[in-house]
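Structure at a glance
Letter by letter, the chains look like this.
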Amino acid sequence: MTQVIPRPTLVQPGWGWGPAADVVALPGTPESPGQLRTWVAERLRTCGRPYAQREDLADALRLVASELASNAIAHSASGQEGAYFITTVHFPHDTIGLRVMDQGPHPERPTRPQEPPHILSDADLLTAEHGRGLALIAVHSRRYGWTEPPGHPVHSVWVELELDPEEAA
């Protein structure tokens, strides 16, 4: 199966999501993506929205959170000794928003995320050793994007998950 991957958007959701439902700072260690998966699933389960108990949304949110945390640790200063990253989760009426902010560029790593390919096949996802993260995020989101230095002091990658209109009320 071949799938067209949505491109990242330059327009940030900004304050359109409203205040964060919750925020967590985690160390840039290998255990943190797992901790973040648990944290976001619990936030979803207790958010009080009609979609809160949907396991498919919880699965998508855990996957996206894990990818963003892993990328922050692997590709930014957040992966250095004593560093951390911050995650916010938002539950406005029409989407689920997730934002991961790292501590900015690592001196020996790329300074911006690499965009996923325009077209991706299942074989690409199964056999690629690197670079699948943003493609997986794109597949599971309504839209996504990032900010980066020098316009911003840190990298901020954000994702909006799609909801059925009936559930968004």
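Residues numbered from 1 in each chain as written. Predicted model: local features only at pLDDT ≥ 70, side-chain atom pairs only at ≥ 80, totals over all residues. Heavy atoms only, no water.

By the naming in an unreviewed UniProt entry, the chain goes by ATP-binding protein and is assigned to Nocardiopsis sediminis.

On to the nonpolar core, then. Within the largest apolar cluster, 32 residues are counted, with the highest numbers of intra-cluster contacts made by L36, L44, L68, F85, I96 and L98. For this core, the secondary-structure elements that each account for two or more residues are β2 (22–27), α1 (32–45), α2 (55–75), β3 (84–90), β4 (96–101), α4 (133–139), β6 (143–147) and β7 (156–161). It is α2 that provides the largest number of residues to this core, a total of 10 residues. Apart from residues no more than four positions distant in its own chain, L36 is found in contact with V24, L26, A65, A69, F85 and T87. (Core = buried A, V, L, I, M, F, W, Y, C linked by side-chain atoms within 4.5 Å. Buried < 20%, exposed > 50% of the residue type's maximum accessible area, 1.4 Å probe, protein only. Helix = DSSP H or I, 4+ residues; strand = E, 2+ residues; numbered from the N terminus. Contact = heavy atoms within 4.5 Å.)

Looking now at the sheet that holds β7. With respect to topology, five strands assemble into an open sheet ordered β2-β3-β4-β7-β6, the strand pairing being antiparallel. The open sheet has two free edges, formed respectively by β2 and β6, since each of these has just one partner strand. Across the sheet, the mean angle from the axis of one strand to that of its neighbour is 15°, orientation sign disregarded. α1 rests against β2, β3 and β4 of the sheet, and its axis sits at about 170° to β2. Most of the contacts of α2 go to β4, to which it runs at about 15°, and overall it touches β3, β4 and β7. (Pairing = 2+ DSSP bridges. Axes fitted to C-alpha atoms, helices over the stretch in contact; angles between N-to-C directions.)

Moving on, we get to the packing of aromatic side chains. Enumeration over the complete set of coordinates arrives at one aromatic pair. An angle of 75° between the planes, with centres 6.4 Å apart, marks the rings of W17 and W158 as edge-to-face. Placement of the pair is W17 in the loop between β1 (2–4) and β2 and W158 in strand β7, with a sequence separation of 141 residues. (Phe/Tyr/Trp six-rings, centres within 6.5 Å; stacked < 30°, edge-to-face > 60°.)

A separate point is the pairing of β3. Burial runs high along β3: five of the seven residues are buried. The pairing of β2 with β3 spans six bridges and is classified as antiparallel. What sits directly across from P27, in β3, is Y84. Looking at chain direction, β3 and β4 are connected through five bridges and run antiparallel. Residue pairing in the sheet places V89 in a bridge with L98 of β4. Between β3 and β4, which pair antiparallel in sequence order, lie five residues.

Right, let's talk about the packing of α1 against α2 for a bit. Running from amino to carboxyl end, α1 crosses α2 at an angle of 145°, the nearest separation of the two axes being 8 Å. Two packed elements cross with a definite hand, and for α1 against α2 that hand is right-handed. In contact with S32, P33, L36, R37, V40, A41 and L44 of α1, α2 contributes L57, A58, L61, R62, A65, S66, A69, S70 and I73. Among the residues making up the contact of α1 with α2, the classes are represented as 11 nonpolar, three polar and two charged. (Left-handed = near helix turned anticlockwise from the far one by under 90°. Nonpolar A, V, L, I, M, F, W, Y, C, P; charged D, E, K, R; others polar.)

A word on the pattern of salt bridges. All chains considered together, the criterion is met by seven salt bridges. Among the ionic pairs, R45 bridges to E42, the shortest N-O distance being 2.7 Å. Here R45 and its partner E42 are both found in helix α1, three residues apart, which amounts to about one turn of the helix. Relative accessible area serves as the criterion here: at 44%, R45 is assigned to the partly exposed category. In this structure, the salt-bridge partner of R62 is D59, at a minimum N-O distance of 2.4 Å. Placement of the pair is R62 and D59 together in helix α2, with a separation of three residues, close to one helical turn. Residue R62 is classed as partly exposed on the basis of its relative accessible area of 22%. Residue D59 is classed as partly exposed on the basis of its relative accessible area, which comes to 41%. Connected through salt bridges with shared partners, the residues E55, D59 and R62 form a single ionic network. (Salt bridge = Lys/Arg side-chain N within 4 Å of Asp/Glu carboxyl O.)

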